[in-house]
Amino acid sequence: MKKILVATEKPFAKSAVEGIAGVLKEAGYELIMLENYKSAGDLIAAAAGADAMIVRSDLVTKDVIDSAPQLKIVVRAGAGYDNVDLAAASEKGVVVMNTPGQNSNAVAELALGMMVYMARNQFNGTPGTELRGKRLGLDACGNVGMHIARIARGFGMEVYGYDPFVEKSSMEDAGIKTVDSVGELFGVCNYMSLNIPANKDTIRTINFELLQRMSKPAVLVNTARKEVIDEDSLLRMFAERPDFKYVADVAPDCSAEIAEKYPGRYFFTPKKMGAQTSEANNNAGVAAAKQIVGFFEKDDRTFQVNK
Ligand code: 3PG
């Protein structure tokens, strides 16, 4: 019987675990749960007997992969797979997949929620501003960007986008005004939403040169990864642009300095919250379980990311 390990330091909603269990039971597989674990050692020990793993942002390192001789597939129930050592997986012939689109509405709702929160001065009783009529830039228009565009247009925002990997026509069909470079995008907008993955081409690319182009008042919204921001630039932007605010899922490494010097101009989720809805957990968790069954039963490799 195939053993499928669900390893989630940040657990799924109960309904998602029930959904995963149902899919695996029907396939005749055994479900092993490792939730709320405290150390990499716990994950390494649990992985030892697994044929497949479902994870979230859990760190699937070379050590984890090496400790699992039976392992054939890892599915990251979510979009970003920067937490999985793809080279180590490929070296051992382990297939890695993600579940694109399954949690993106939840991430988009968080982005808009944080924007409203900052526009209304964190609900502190003083008059704030509205999102209607403001210019929002989408740095990448994949699944999350497209959901943000839909919701933001409902608020009456003017939505701009840049994404070299998406057809301009599909962005325009979604009501997004396209521009020709990321620099131009930052130059046009008050609100900037980062929807890019963290990889060698994006890490620390959001720098002062880009940030200082933002129109006043400026709000940077990061539901992507903290690593895409150059933190020296972030601190310089806070210091030189009193109109600048930053909201993020999750806190940057320099959060203590921001908290001390710039109260009222930031909000950071205490734990990564983008995908923390029952719906997103259900969608991504069940999709991951189905992808594992499809892989073992039909060699279906759709959504493989380490080709
Ligand atoms: C993702 O990449 O799918 C999101 O950042 C959600 O991550 P999480 O499943 O760890 O909450």
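None of these values were measured; they are calculated from a predicted model. (Residues numbered from 1 in each chain as written. Predicted model: local features only at pLDDT ≥ 70, side-chain atom pairs only at ≥ 80, totals over all residues. Heavy atoms only, no water.)

Asker: How should the domain arrangement of the protein chain be read in this particular structure?
Answerer: Splitting the protein chain by domain gives domain 1 (3-102 + 276-298) and domain 2 (104-268). On a C-alpha basis, the centres of domain 1 and domain 2 stand 30 Å from each other. In this assembly, eight residues from domain 1 lie in contact with five residues from domain 2. Across the domain 1/domain 2 interface, buried area totals approximately 470 Å², and carbon plus sulfur atoms make up 43% of it. The largest per-residue losses of area from domain 1 upon contact with domain 2 belong to D82, G101 and T277, which jointly make up 65% of the total buried on that side. Linking domain 1 with domain 2 are one salt bridge, by the criterion used here. Residues R225 and D82 are paired through a salt bridge, measuring 3.1 Å at the closest nitrogen-oxygen approach. Along the contact surface separating domain 1 from domain 2 lie two residue pairs in polar contact (both at pLDDT 80 or more). (Domains from an automatic or database assignment. Contact = heavy atoms within 4.5 Å. Buried area = accessible area lost by both parts, 1.4 Å probe. Salt bridge = Lys/Arg side-chain N within 4 Å of Asp/Glu carboxyl O. Polar contact = N/O pair within 3.5 Å; in protein donor to acceptor, adjacent residues only side chain to side chain.)

Asker: Even after reading the chapter, I still don't get the nonpolar core, so can you show me in this structure?
Answerer: Where a protein is soluble and globular, its nonpolar side chains tend to be buried together. With 31 residues, the main nonpolar core has F186, I206, L220, L234 and Y246 as its most contacted residues. If you list the elements that add at least two residues to this core, you get α8 (182-188), β9 (191-194), α9 (208-211), α10 (231-240) and β11 (245-248). Top contributing element to this core by residue count: α10, with four residues. Apart from the residues lying within four places of it in its own chain, the contact partners of Y246 are L220, N222, I229, L234, F238, P252, R265, Y266, F267 and F268. Counting residues in each nonpolar core, the second largest holds 26 residues, with A108, M118, A149 and V219 among its members. (Core = buried A, V, L, I, M, F, W, Y, C linked by side-chain atoms within 4.5 Å. Buried < 20%, exposed > 50% of the residue type's maximum accessible area, 1.4 Å probe, protein only. Helix = DSSP H or I, 4+ residues; strand = E, 2+ residues; numbered from the N terminus.)

Asker: Help me understand the packing of aromatic side chains in this model?
Answerer: Given two aromatic rings, their pairing is described by the distance between the two centres and the angle made by the two planes. Tallied over the entire structure, the rule returns eight aromatic pairs. Measuring from ring centre to ring centre gives 6.0 Å for Y29 and F296, while their planes differ by 90°; the resulting arrangement is edge-to-face. Of this pair, Y29 sits in the loop between α1 (14-27) and β2 (30-35) while F296 sits in helix α12 (residues 278-298), placing them 267 residues apart in sequence. The exposure class assigned to Y29 is buried, which follows from its relative accessible area of 8%. Taking 4.9 Å as the distance between ring centres and 20° as the angle between the ring planes, the aromatic pair formed by F238 and Y262 counts as stacked. Remark: Y262 occurs in the loop between α11 (255-261) and β12 (266-268) and F238 occurs in helix α10; sequence separation between them is 24 residues. (Phe/Tyr/Trp six-rings, centres within 6.5 Å; stacked < 30°, edge-to-face > 60°.)

Asker: Sorry, what's going on with the environment of R76 here?
Answerer: In this structure, R76 sits in strand β4 (residues 73-76). Overall, the relative accessible area of 5% leaves R76 in the buried class. As a C-alpha pair, R76 and G285 span 209 residues in sequence and 9.0 Å in three-dimensional space. When sequence neighbours within four positions are dropped, the list of residues in contact with R76 reads V55, R56, S57, Y81, N83, M97, N98, T99, R225 and K272.

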